[in-house]
Amino acid sequence: MDSIRITGGVPLSGTIAISGAKNAALPLMTCGLLTDERLVLSNVAKLADIATMSELLAQHGIEVTHAGRDVTLGGKITNTEAPYEIVRKMRASFLVLGPLLARLGQARVSLPGGCGIGTRPVDLHLKGLEAMGASIELDGGYVEARAPKGLKGAEIVFPFVSVGATENLLMAASLADGITVLKNAAREPEITDLAKCLIAMGAKIEGLETDTLTIHGVTSLHGAHHDILPDRIETGTYACAAAITGGDVFLENARASDLGAVLTALNEAGVIITEAENGFRVTRANGLHGVDVTTEPFPGFPTDMQAQFMALMTVADGASLITENIFENRFMHVQELSRMGAKINIQGSSAIVRGVKHLTGAPVMATDLRASFSLVLAALAAQGETTISRVYHLDRGYEAVEAKLAACGARIQRLV
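Here's a quick rundown of the structure. Since the structure is predicted, the reported quantities are computational estimates derived from the model, not experimental observations.

The rules behind the values
Residues numbered from 1 in each chain as written. Predicted model: local features only at pLDDT ≥ 70, side-chain atom pairs only at ≥ 80, totals over all residues. Heavy atoms only, no water. Helix = DSSP H or I, 4+ residues; strand = E, 2+ residues; numbered from the N terminus. Rg over C-alpha atoms; globule rule 2.2 N^0.38 Å. Buried < 20%, exposed > 50% of the residue type's maximum accessible area, 1.4 Å probe, protein only. Contact = heavy atoms within 4.5 Å. Core = buried A, V, L, I, M, F, W, Y, C linked by side-chain atoms within 4.5 Å. Salt bridge = Lys/Arg side-chain N within 4 Å of Asp/Glu carboxyl O. Pairing = 2+ DSSP bridges. Axes fitted to C-alpha atoms, helices over the stretch in contact; angles between N-to-C directions. Polar contact = N/O pair within 3.5 Å; in protein donor to acceptor, adjacent residues only side chain to side chain. Parallel < 35°, antiparallel > 145°, perpendicular 65-115°, else oblique. Left-handed = near helix turned anticlockwise from the far one by under 90°. Nonpolar A, V, L, I, M, F, W, Y, C, P; charged D, E, K, R; others polar. Phe/Tyr/Trp six-rings, centres within 6.5 Å; stacked < 30°, edge-to-face > 60°.

1. Some details on the overall build of the chain
Looking only at helices and strands, the chain has 14 helices and 24 strands in total. Relative to a compact globule of 416 residues, whose C-alpha radius of gyration would be 22 Å, the chain shows 21 Å and is just as compact. Once the C-alpha set of the chain is aligned to its principal axes, its extents read approximately 65 × 45 × 40 Å. Out of the 416 residues in the chain, the part that is buried amounts to 58%. In the chain, the share of contacts with a sequence separation of at least 24, taken over all contacts with a separation of at least 6, comes to 73%.

Given below as structure tokens:
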């Protein structure tokens, strides 16, 4: 099993190109189930999760072709079952449910897996589809969904914001009979990107970038070409890398407007963001300052940046309070950061971080996708050598980590 060895203490300097957003690419790929025509997605990152989604769509009968940064999807659906063997690898696999049900009136999809950071139930996906006329049964760990007469438009009010449920129902509603209104819908940039792709395919969607999406169902969708937006989580992560090392890094293709509360928190911590036409530069004037953050739906502070920001706060002056409101088990990186000398105390859903003058290299283990990069950040700033094991988590969501960091001076090596 691969591991990564980092010798810390080098300020990063140079340019890092931000890849296409993983959290946008995965639902966008499932749009290939909504039409027999070709859907071409550009700016697709080369990630383990992209390969998993390609495998899943292929077994549904979709031809998936990778050429550089382009992924082309096309073909007729030949199978409506999404098996446990694939779905267990990645939670986003569950997003095939809405498109399959909308296209063919039936689907059998395994309940999802993915990183062990909480239960993350799919109730809202299923209740929304039931409101649109589907019958749902759970059988042996699978969701059996049927809508032999097609889905019907409905008004659906989410009791809390759910990105996955918004995506699944947005795709399903595009081919439903009538008008569907999604209230308290997620507003993440990836949702808007999905809606823009669906519109390019012929969908009729109103309310982009708001919490109310109105979808006028159409009888069919056609092929399209869509460019995926840059990955805001990768952007925030590498901004933390520049800041924690006291470096000077230009993030090419990055969009500061997509960062929401992350940008505010970085500024309060003493990080300087200088915007340019094709990205922005990250530096810091002096030391880092402790900042309190609470994870919330966009434009609030994203749960996918919590671990990385915590790593940054471990070497900040003063104390910071980090509260996790999205997933209940997302502090598993705390124990590993503590092995490197971080001072972190957990109190319920909050972590109190008291900054130290320096971290010390140590052998650590990644526990989930974002936690894995929090350890990379800590290792970049630490004195001495750190070996991070179980980095397959890292490969799920970050492209060419070693190459991008090494190009900016990091002493980093993958051990096979």
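2. Some points on the nonpolar core
Leu151 and Leu198 are the most contacted members of the largest nonpolar core, which totals 76 residues. When sequence neighbours within four positions are dropped, the list of residues in contact with Leu198 reads Cys31, Leu34, Leu170, Met171, Ser174, Ala203, Ile205 and Leu221. Counting residues in each nonpolar core, the second largest holds 71 residues, with Tyr238, Val282, Val293 and Met305 among its members.

3. Brief notes about the pattern of salt bridges
Taken as a whole and assessed by the stated rule, the structure comprises 19 salt bridges. Here Arg232 ties to Glu190 by a salt bridge, and the two come within 2.8 Å at their closest N and O atoms. Here Arg232 is found in helix H8 (residues 232-244), whereas its partner Glu190 is found in helix H7 (residues 189-200), with 42 residues between them in sequence. In this pair, the class of Arg232 matches that of Glu190, namely buried. One salt bridge connects Asp395 with Arg414, and the closest N-O pair in it is separated by 2.7 Å. With a gap of 19 residues between them, Asp395 in helix H13 (residues 392-397) and Arg414 in strand E24 (residues 411-415) connect regions that are remote in the sequence.

4. Looking at helix H4 (residues 97-104)
An α-helical segment advances 3.6 residues per turn. Residues three or four places apart therefore align on the same side. In terms of burial, H4 is a largely internal element, six of the eight residues being buried. Those residues of H4 that fall on the buried side of the exposure criterion are Leu97, Gly98, Pro99, Leu100, Leu101 and Ala102. On its buried face, H4 sits against helix H1 (22-30), strand E7 (106-110), helix H5 (123-131), strand E9 (142-146) and helix H6 (163-174). The first or second residue beyond H4 is Gly105, which carries a positive phi of 75 degrees.

5. Concerning the pairing of E9
Burial analysis of E9 places four of its five residues in the buried class, which makes it a mostly covered element. Pairing between E7 and E9: five bridges, direction antiparallel. Along E9, the bridge assignment pairs Val109 with Val143. The pairing of strand E8 (residues 135-139) with E9 spans five bridges and is antiparallel. Bridging from a neighbouring strand, Ser135 pairs with Arg146 of E9. In this structure, the hairpin formed by E8 and E9 is closed by a connection of two residues, where Gly140 is found at a positive phi of approximately 60 degrees.

6. Looking at helix H10 (residues 306-313)
Of all eight residues that make up H10, eight are buried, and the element is covered over most of its length. All of the buried residues along H10 are Gln306, Ala307, Gln308, Phe309, Met310, Ala311, Leu312 and Met313.

7. Concerning the sheet that holds strand E11 (residues 179-183)
Sheet architecture is open: four strands sit in the order E10-E11-E13-E12, paired in mixed fashion. Sheet topology places strand E10 (155-157) and strand E12 (204-206) at the edges, where each strand pairs with a single neighbour. Each adjacent strand pair in this sheet contributes to an overall mean axis angle of 15 degrees, direction not counted. As defined by bridge partners, E11 adjoins strand E13 (residues 212-216) across five bridges and the pair is classed as antiparallel. By the bridge assignment, Thr180 is partnered in E13 with Ile215.

8. As for the environment of Glu399
Along the chain, Glu399 turns up in the loop between H13 and helix H14 (401-406). A relative accessible area of 7% means that Glu399 is categorised as buried. A polar atom in the side chain of Glu399 sits 3.0 Å from the backbone nitrogen of Lys46.

9. Quick notes on the sheet that holds strand E2 (residues 13-17)
Judged by pairing direction, the sheet is mixed, and its four strands sit side by side in the order E2-E15-E17-E16 without closing on themselves. Of all the strands in the sheet, the pair left with one neighbour each is E2 and strand E16 (271-276). Neighbouring strand axes in the sheet, compared pairwise and without regard to direction, differ in orientation by 20 degrees on average. Both strand E15 (residues 248-252) and strand E17 (residues 279-284) contribute to a ladder of four bridges, which runs antiparallel.

10. Things to note about the environment of Leu104
Structurally, Leu104 is set in helix H4. Leu104 sits 94 residues away from Val10 along the chain, and the two C-alpha atoms are 55 Å apart. Once you skip the residues sitting within four places of it in the chain, Leu104 turns out to touch Ile77 and Thr80.

11. Quick notes on the packing of H4 against H6
Relative to each other, H4 and H6 sit at 15 degrees, their axes nearing to 8 Å. Taken together, the axis directions place H4 and H6 in an arrangement best described as roughly parallel. The way H4 lies across H6 gives a crossing that is right-handed. Counting all contacts with H4, which are made through Leu97, Gly98, Pro99 and Ala102, the residues of H6 involved are Asn168, Met171 and Ala172. Class assignment for the residues of the contact of H4 with H6 results in five nonpolar, two polar and no charged.

12. Focus on the packing of aromatic side chains
One pass over the full model with this rule turns up three aromatic pairs. Between Tyr238 and Phe373, the ring centres sit 5.4 Å apart and the planes meet at 85 degrees, which makes this aromatic pair edge-to-face. Here Phe373 lies in helix H12 (residues 369-381) and Tyr238 lies in helix H8, a separation of 135 residues in the sequence. Here Tyr238 matches Phe373 in class, with each residue buried. Ring centres 4.6 Å apart and planes at 55 degrees place the aromatic pair Phe373 and Tyr398 in the tilted group. Linking Phe373 in helix H12 with Tyr398 in the loop between H13 and H14, this pair joins segments that are 25 residues apart in sequence.

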